[in-house]
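# Fold and contact review
Each chain, written out:
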Amino acid sequence: MGKVNTKTVDGLLQQALALHQTGQYEEAELRYRRLLASVPNHPQTLHFLGVLLLQQGQVDEAITLIGKAVAVLPDYIDAVFNLGNAQKQAGLLAQAEQSFRMAVKARPQQPVFLCNLGNVLIGQGKFSEAVPLLQQAVQADPRQPLAYNSLGIALSRLGLEQQAESAYRSAIAAQPGYENAGENLASLLLKQSRWQEAEQGLRQLLARAPTNATALNRLGVSLLAQNRFAQALTTL
């Protein structure tokens, strides 16, 4: 492919993006790469190809490509955010934190930006820094189960168990059957020796996810604590 004008580039990019969005990854990747062969520093193409590779687990190349997109166009905030996602997936939490902070600075009321920054802070043990960000996330969008669950984790690690319980329950209310939040709530209740409440919540979780090994194990613990040994043996 020779040099192409802007209108042609945009058309080719939209074709590749349509393939990407409909799950035709192999053909989409081929078209992205062809476009980059002609326009090597096209930020949108670098970004979308990076996202596609990230979706396929090719994290290192995704970081390289999305990083190039950001280098070309530093205020390309969607690319900055996805660079953070790629860095997080690679375990580069300090770098991911930096990327997410840039994204949050640009869009301070974007719930998913706040939530992801909160999560990488939790991953680094920065629980007190994570809490206000996650509180902002759920205030901006109260239907954010992931943010509520992460808020519960941070609050629990800070010893604020009553607030953590409320956050976990909000996560479950926002998404009934949210397994991780149900598991975390049960752990908190078991820690407080609230055996029957833990059992009730775990049975509700298992009604939706009967093979959840963590929930089965914690149900067994609850039953053992209530001296219901025969029932416990069926769960452990």
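Structure's up top.
Scoring rules and cut-offs
- Residues numbered from 1 in each chain as written.
- Predicted model: local features only at pLDDT ≥ 70, side-chain atom pairs only at ≥ 80, totals over all residues.
- Heavy atoms only, no water.
- Helix = DSSP H or I, 4+ residues; strand = E, 2+ residues; numbered from the N terminus.
- Expected span 1.5 Å × (residues − 1).
- Buried < 20%, exposed > 50% of the residue type's maximum accessible area, 1.4 Å probe, protein only.
- Arc of directions from axis to C-beta.
- Polar contact = N/O pair within 3.5 Å; in protein donor to acceptor, adjacent residues only side chain to side chain.
- Contact = heavy atoms within 4.5 Å.
- Phe/Tyr/Trp six-rings, centres within 6.5 Å; stacked < 30°, edge-to-face > 60°.
- Axes fitted to C-alpha atoms, helices over the stretch in contact; angles between N-to-C directions.
- Parallel < 35°, antiparallel > 145°, perpendicular 65-115°, else oblique.
- Left-handed = near helix turned anticlockwise from the far one by under 90°.
- Nonpolar A, V, L, I, M, F, W, Y, C, P; charged D, E, K, R; others polar.
- Core = buried A, V, L, I, M, F, W, Y, C linked by side-chain atoms within 4.5 Å.

Moving on, we come to helix α1 (residues 6-21). In this model α1 runs 22 Å from its N-terminal to its C-terminal C-alpha over 16 residues, within 8% of the 22 Å that 1.5 Å per residue would give. Regarding α1, the residues found buried are Val 9, Leu 13, Ala 16, Leu 17, Leu 19 and His 20. Summarising the axial view, the buried residues of α1 lie within an arc of 155°, below the 170-degree limit, and thus occupy one face. The outward face of α1, more than 90 degrees from its buried face, is lined by the exposed residues Lys 7 and Gln 21.

Examined against the element boundaries, Asn 116 turns out to sit in helix α7 (residues 111-123). In terms of polar contacts, Asn 116 uses its side chain to reach the side chain of Asn 85, at 2.8 Å. Ignoring sequence-local partners within four residues, the contact set of Asn 116 consists of Phe 81, Asn 85 and Phe 100.

A separate point is the packing of aromatic side chains. One pair of aromatic rings is described through two measures. These are the centre distance and the angle between the planes. Counted according to the given criterion, the structure contains two aromatic pairs. Consider the rings of Phe 81 and Phe 100, whose centres lie 5.6 Å apart with planes at 50°: the pair is tilted. Of the two residues, Phe 81 sits in helix α5 (residues 77-89) while Phe 100 sits in helix α6 (residues 93-106), which places them 19 residues apart along the sequence. Relative accessible area serves as the criterion here: at 0%, Phe 100 is assigned to the buried category. Every member of this aromatic cluster is reached through a ring pair, and the members are Phe 81, Phe 100 and Phe 113.

Looking now at the packing of helix α2 (residues 25-38) against helix α3 (residues 43-55). With their axes 10 Å apart at the nearest point, α2 and α3 run at an angle of 150° to one another. Overall, the two elements α2 and α3 adopt an arrangement that is roughly antiparallel. Crossing geometry of α2 relative to α3 is assigned as left-handed. Packed against α2, whose contacting residues are Tyr 25, Ala 28, Glu 29, Tyr 32, Arg 33, Leu 35 and Leu 36, the element α3 presents Thr 45, Leu 46, Phe 48, Leu 49, Leu 52, Leu 53 and Gln 55 at the interface. Taken together, the residues that form the contact of α2 with α3 break down as ten nonpolar, two polar and two charged.

You can see Leu 158 is positioned in the loop between α9 (145-157) and α10 (161-174). Taking the C-alpha atoms as reference points, Leu 158 and Lys 126, separated by 32 residues in sequence, lie 10.0 Å from one another. For Leu 158, the contacting residues outside a window of four places in its chain are Phe 127, Ser 128 and Val 131.

With that settled, consider α3. If you check α3, its first and last C-alpha atoms are 18 Å apart, about what 13 residues at 1.5 Å a residue would give, namely 18 Å. Counting buried positions along α3 gives eleven out of 13 residues, so the element sits mostly inside the fold. Tucked into the core, α3 has its buried residues touching α1, α2, α4 (59-72) and α5. Gly 57 sits one or two positions beyond α3 and adopts a positive phi of about 85°.

On to the nonpolar core. Within the largest apolar cluster, 64 residues are counted, with the highest numbers of intra-cluster contacts made by Tyr 32 and Leu 117. Other than its neighbours up to four places away in sequence, Leu 117 contacts Glu 97, Phe 100, Arg 101, Val 104 and Leu 133. In this structure, Leu 202, Ala 215, Leu 219 and Leu 223 belong to the second largest nonpolar core, which totals nine residues.

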